[in-house]
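Structure assessment
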Amino acid sequence: MLKNPYAHLNGAGEYDAVLPALDQPVLNAAQVMNGYRRGRPFAKRDLELIARTLHRLMWTHRERLLGAADVEPAQIVDPALALKALGYRVVEHESLGEHAAGKDTYEVAGLMDRDHGEVRVSRRFDPWSRNFTAAHELGHALLHTGSGLHRDRAPDGSAARSRDPQEREADEFAAYFLLPEKLVREAFINRFLAAPFELTDATAFALTAEPLAQLKRKCRSERDLSRRLASAHSYNSRHFHSLDEKFGVSVEVMAIRLEELGLVRF
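Residues numbered from 1 in each chain as written. Predicted model: local features only at pLDDT ≥ 70, side-chain atom pairs only at ≥ 80, totals over all residues. Heavy atoms only, no water.

1. Here's the deal with the nonpolar core
When a protein is soluble and globular, its nonpolar side chains tend to lie buried together. Formally: Only buried residues count toward a nonpolar core, which is a set of Ala, Val, Leu, Ile, Met, Phe, Trp, Tyr and Cys residues joined through side-chain atoms within 4.5 Å. Here the term buried applies to any residue with accessible area under 20% of the maximum for its type, exposed to any over 50%, and partly exposed to those in between, with areas from a 1.4 Å probe on protein chains only. Two residues qualify as a contact provided that any one of their heavy atoms is within 4.5 Å of a heavy atom in the partner residue.
Counting residues in each nonpolar core, the largest one holds 70 residues, and the members touching the most others are Leu-54, Leu-142, Phe-173, Phe-177, Phe-192 and Leu-258. With near-sequence residues (within four places) excluded, Phe-192 lies in contact with Phe-197, Leu-207, Leu-229, Ala-232, Tyr-235, Phe-240 and Leu-243.

What follows is the structure, given as structure tokens:
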């Protein structure tokens, strides 16, 4: 989540964490968009295809981006690295201020400044939110025109209620970028030994060491079970990093993606 060897205190004594841009961008937006026009409405399948194209191009240029060709595919699933490849700096600030929307006030979690080639991310949120915010701003950089596009969060950290189409598209792109289907399926099967996961006496005990009836009282919906799987640290007495931790997203974002991919059957 924006792990960064360039973190430092700036001249004003504020904490900024900076990933400097390359001397020359490795990629350009036109390559990634692959014929899609920036600013048009995007269907979900379009957004997933654009995210896959970006992954493929980053993999092709992995040696230049990461300094080595012998890397794991998961290492390129990094929004800060993708922004760097496109010529943007990623800067973390202690705060980016607030944004008023009608009667509501939201804290700005991230800001894409195209004019200065910079994406700013607020440190006032947890690492998973900051990671998603960077991917959200990456979506704006690729999909939309203009500058000053930002992601807002309510005081409790939840998303702003306004669902502007461009904000929804940036959120959906972020999920597709951070949670590639192939990697998610592999990680899911590695942990839970089957796909889709179905609740039975055996799987309930392997997941929670509880009888099926007891687990069903806690998991009353597909989303409840998806959240449980997204955050599980063990299965069948084998311990591992939970899926949300592995992919650097919130439990809710991970749970939704599991459902989208048909990995949970309730």
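2. Structural notes on the packing of aromatic side chains
Each aromatic ring pair is described using two quantities: the centre-to-centre distance and the angle formed by the ring planes. How we decide: Here the aromatic set is Phe, Tyr and Trp, taking the six-membered ring for Trp, and pairing holds for ring centres within 6.5 Å; pairs whose planes are under 30 degrees apart are stacked, those over 60 apart are edge-to-face, and all others are tilted. Only DSSP runs of H or I covering at least 4 residues are called helices, and only runs of E covering at least 2 are called strands; the numbering of each starts at the N terminus. To sit over a ring, a charge needs its Lys NZ or Arg CZ within 6 Å of the ring centre and within 35 degrees of the ring normal.
Scanning the model with the defined rule gives seven aromatic pairs in all. Aromatic side chains Phe-197 and Tyr-235 sit 6.0 Å apart centroid to centroid with 75 degrees between the ring planes, which places their arrangement in the edge-to-face category. With Phe-197 in strand 8 (residues 197–198) and Tyr-235 in strand 9 (residues 234–235), the pair connects residues that are 38 residues apart, well separated along the chain. In this structure, Phe-197 and Tyr-235 share a single accessibility class: buried. Ring pairing ties together the aromatic residues Phe-188, Phe-192, Phe-197, Tyr-235 and Phe-240, which thus form one cluster. The ring of Trp-59 carries Arg-62 above its face, with NZ or CZ at 4.1 Å from the centroid. Here Lys-246 stacks its cationic end above the ring of Phe-247, 5.6 Å away from the centre of that ring.

3. Remarks on the packing of helix 2 (residues 44–60) against helix 6 (residues 165–178)
Rule in force here: Lines are fitted to the C-alpha atoms to define the axes, a helix being fitted only along its stretch in contact, and any angle between axes, read from their N-to-C directions, falls within 0 to 180 degrees. Working definition: roughly parallel below 35 degrees, roughly antiparallel above 145 degrees, roughly perpendicular at 65 to 115 degrees, and oblique for all remaining angles. With the far helix as reference, a near helix turned anticlockwise by less than a right angle produces a left-handed crossing, and one turned clockwise produces a right-handed crossing.
Where helix 2 contacts helix 6, the two axes come as close as 9 Å, and the packing angle between them is 45 degrees. With respect to each other, helix 2 and helix 6 are oriented oblique. Where helix 2 crosses over helix 6, the handedness of that crossing is right-handed. Across from Lys-44, Leu-47, Glu-48, Ile-50, Ala-51, Leu-54, His-55 and Met-58 in helix 2, the residues of helix 6 making contact are Glu-169, Glu-172, Phe-173, Tyr-176 and Phe-177.

4. Some thoughts on helix 7 (residues 181–192)
Two residues of an α-helix separated by three or four positions point the same way, owing to the 3.6 residues in each turn. The test is simple: For a helix, the expected span equals 1.5 Å multiplied by the residue count minus one. To be clear, the arc concerns the directions from the helix axis to the C-beta atoms.
Its twelve residues place the ends of helix 7 16 Å apart at the C-alpha level, agreeing with the 16 Å of an ideal helix rising 1.5 Å per residue. Listed as buried for helix 7 are Leu-183, Val-184, Ala-187, Phe-188, Arg-191 and Phe-192. Taken around the axis of helix 7, the buried residues stretch over an arc of 135 degrees, which confines them to a single face. Backbone geometry just after helix 7 places Leu-193 at a positive phi near 70 degrees.

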